[in-house]
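# Geometric and topological summary
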Amino acid sequence: MFLKVEIRKIVDYIFNDGHHDNDVKEIYDNYFTSCDFEVFSKSFVKVCGEKIMLFGSNNIKLKNEVNSDDSFLSEIADKFDLILKIDGFSLKCVVENHFFDDFFFLNYDEKYIIIYGLGGSKFVESIYIHGLWEVLKD
């Protein structure tokens, strides 16, 4: 799988929550400015002149049925310092302070990887960006 490639963590980037730019140092953990889907669904990360939309078809939810093949989730958890947690009938990736968030893996043009979690009680209210990594080419 392509996760065998070498990566480098990017520590400075910009996160826009649909309303405001936020300068980020490694991790972003906060509420969205707006809980309106029309606003927060326009969220993006800006790095090295690239604008990477967080909501779209190129992200993978880091959750499987318990009895399905978990090799992808195990590989993601190992490589990106996540915890595998059984949640009912599902196995999912989480971090210590975000056990109830839904986490996503985004591979942008095989150049950048972003892992983020979305939290909220009845609808999406917050975002935790676990990290942004550059995929190093040979």
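Data block above holds the structure.
Now for a description of the structure that goes with this document. What you see as residue numbers is a count from 1 along each chain, following the sequence as written. Totals for whole chains, interfaces and linings use every residue, but because this is a predicted model, local features are given only for residues with pLDDT of at least 70 and side-chain atom pairs only at 80 or more, for both listing and counting. Here the side-chain values reflect all heavy atoms present in the structure, with hydrogen atoms and water set aside.

### Some words on the sheet that holds strand β9 (residues 83–87)
Strands in a sheet are paired, the pairing made by backbone hydrogen bonds, and the direction either parallel or antiparallel. Our working definition: Pairing between strands is defined by DSSP: at least two bridges between them are needed. Helix and strand assignments follow DSSP, with helices taken as H or I runs no shorter than four residues and strands as E runs no shorter than two, numbered in order from the N terminus. Orientation is described by lines fitted to C-alpha atoms, with helices fitted over the stretch in contact, and by angles between N-to-C directions that extend from 0 to 180 degrees.
With respect to topology, three strands assemble into an open sheet ordered β8-β10-β9, the strand pairing being antiparallel. A single partner strand is all that each edge strand has here, and the edge strands are β8 (63–65) and β9. In this sheet, adjacent strand axes meet at a mean angle of 25° when their direction is disregarded. Direction of pairing for β9 relative to strand β10 (residues 90–94): antiparallel, over a ladder of five bridges. Across the sheet, residue Ile86 finds its bridge partner in β10, namely Leu91.

### A closer look at the pattern of salt bridges
Test applied: Note on definitions: salt bridges are taken to be side-chain nitrogens of Lys or Arg within 4 Å of carboxyl oxygens of Asp or Glu. Partly exposed residues are those whose accessible area sits between 20% and 50% of the maximum for their type, while under 20% is buried and over 50% is exposed, using a 1.4 Å probe and protein chains only.
Overall, the coordinates contain six salt bridges when judged by the stated rule. For Glu26, the salt bridge goes to Lys9, with nearest N and O atoms at 3.8 Å. Separated by 17 residues along the polypeptide, Glu26 in the loop between β3 (21–25) and β4 (28–31) and Lys9 in strand β1 (residues 7–10) bring together distant segments of the chain. Judged by its relative accessible area of 30%, Lys9 falls in the partly exposed class.

### Remarks on the pairing of β10
Most of β10 sits inside the fold, with five of its five residues counted as buried. Residue alternation in β10 divides its side chains into two sets, Ser90, Lys92 and Val94 and Leu91 and Cys93, and both sets are buried. As paired elements, β8 and β10 share three bridges and run antiparallel to each other. In the sheet register, Lys63 faces β10, and the bridge partner there is Lys92.

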